[in-house]
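Notes for the structure review
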Amino acid sequence: MLEIERLQVAYGTGEPALRDFSLHMEPGEIVALVGESGSGKTTAIRAILGLLPAGGQVEAEVLSFQGQDLLSLTQRQWRALRGGEISMIFQDSGAMLNPIRTIGGQFVEYIRAHCSLSKADARARSAQMLGRMGLPNPESLLSSYPFQLSGGQRQRVGIAMAMAFEPKLLLADEPTSALDVTTQAQIIRQMIELRENYHTAILLVTHNLGVAAYAADRILVMRGGQVVDQGRREELLSRGADTYTGQLLRAVPDMGGKRYV
């Protein structure tokens, strides 16, 4: 479904922020990109969706989604692809929402930008998606402003908007890092349910090995702008202590002498 071969991203004439990045994903698969800050995780997923900051230069032998070359898309083709076939959840969905517009106003506009539903039908779909994300009183939420919602609620709104058109690929950029541990667990469980209910493939960026170990089928470990280790979840988490992956595992706090990864 998603094929990437030797993807490289550079800004100006400096050292590439991402180099030799390759990834192949199948429908319904969950893949996690893990690593320290600045390792290139977010750059990788933003390059896939064409959302790099100004000046980002992308090169790749192959960068395609369902056989479609992403490097040759026009703005109109990108508009059709984003939000429909491929969606993204940002690290802080609250920061992506307009603070002076209601949730319903923004959700309805988002839906109508991708299809020809009436405002009433788009609002009904918005309420339905919020309900599927486990949010109580969807109609009340649609009339609320972002500042009236908790961090967990705003993140669920972001997921609901991303899933409005049942995309085939969901890009999740640290979707739980700004949340408390209990809410993190709820969000991750809901993302797994998205895969089960919609067969959505998920590319998850996280610095939390515990989250990756719980949710992902495969894990790619990044460092210094490139992939330094990868494998199936069980295989990768058994790496020797002398590897970089082993160092990351040792950095995970333990509880009562047991490490939950």
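Residues numbered from 1 in each chain as written. Predicted model: local features only at pLDDT ≥ 70, side-chain atom pairs only at ≥ 80, totals over all residues. Heavy atoms only, no water.

1. A few points about empty space enclosed by the protein
On inspection of all chains with the given rule, the structure shows 1 cavity of 30 Å³ or more. A volume near 40 Å³ is recorded for the largest cavity. What lines the largest cavity is simply Ile30, Ile188, Met191, Ile192, Ile202, Leu204 and Ala215. Sorting elements by how many residues they give to the lining of the largest cavity places helix α8 (residues 181-198) first, with 3 residues. Residues of the lining of the largest cavity, tallied by class, amount to 7 nonpolar, no polar and no charged. (1 Å grid on protein atoms, 1.4 Å probe; cavity = no way out; pocket = protein on both sides within 12 Å on 5 of 7 lines; lining within 4 Å. Points joined across faces, edges and corners; volume = space filled by probe spheres on them. Helix = DSSP H or I, 4+ residues; strand = E, 2+ residues; numbered from the N terminus. Nonpolar A, V, L, I, M, F, W, Y, C, P; charged D, E, K, R; others polar.)

2. Side note on the nonpolar core
Within the largest apolar cluster, 47 residues are counted, with the highest numbers of intra-cluster contacts made by Phe107, Leu130, Val157, Ile159, Met191 and Ile219. Non-local contacts of Leu130, meaning those with residues more than four positions away in its chain, are made with Phe107, Leu135, Pro138, Leu141, Leu142, Val157 and Ala160. The next biggest cluster of nonpolar side chains, apart from the first, holds 32 residues, and it includes Leu2, Leu18, Met25 and Leu73. (Core = buried A, V, L, I, M, F, W, Y, C linked by side-chain atoms within 4.5 Å. Buried < 20%, exposed > 50% of the residue type's maximum accessible area, 1.4 Å probe, protein only. Contact = heavy atoms within 4.5 Å.)

3. A look at the sheet that holds strand β10 (residues 218-223)
Spatial strand order, β7-β8-β9-β3-β10-β11: 6 strands in an open sheet with mixed pairing. Of all strands in the sheet, those with a lone pairing partner are β7 (86-89) and β11 (226-232), marking the two edges. Taking the axes of each pair of neighbouring strands and ignoring which way they run, one obtains an average angle of 15° across the sheet. Helix α7 (residues 151-162) rests against β7 and β8 (169-173) of the sheet, and its axis sits at about 175° to β7. (Pairing = 2+ DSSP bridges. Axes fitted to C-alpha atoms, helices over the stretch in contact; angles between N-to-C directions.)

4. Some points on the environment of Ala113
Following the sequence through the fold, Ala113 ends up in helix α4 (residues 103-114). Separated by 46 residues in sequence, Ala113 and Gly67 have C-alpha atoms that sit 25 Å apart.

5. Some thoughts on the pairing of strand β3 (residues 30-35)
The element β3 is largely enclosed, with a buried count of 6 among its 6 residues. Side chains of β3 alternate between two faces, with Ile30, Ala32 and Val34 and Val31, Leu33 and Gly35 buried alike. As paired elements, β3 and strand β9 (residues 201-206) share 5 bridges and run parallel to each other. In the strand pairing of β9, Val31 is matched with Leu203. One ladder, built from 5 bridges, connects β3 with β10; its direction is parallel. The residue bridging Leu33 from the neighbouring strand is Leu220, located in β10.

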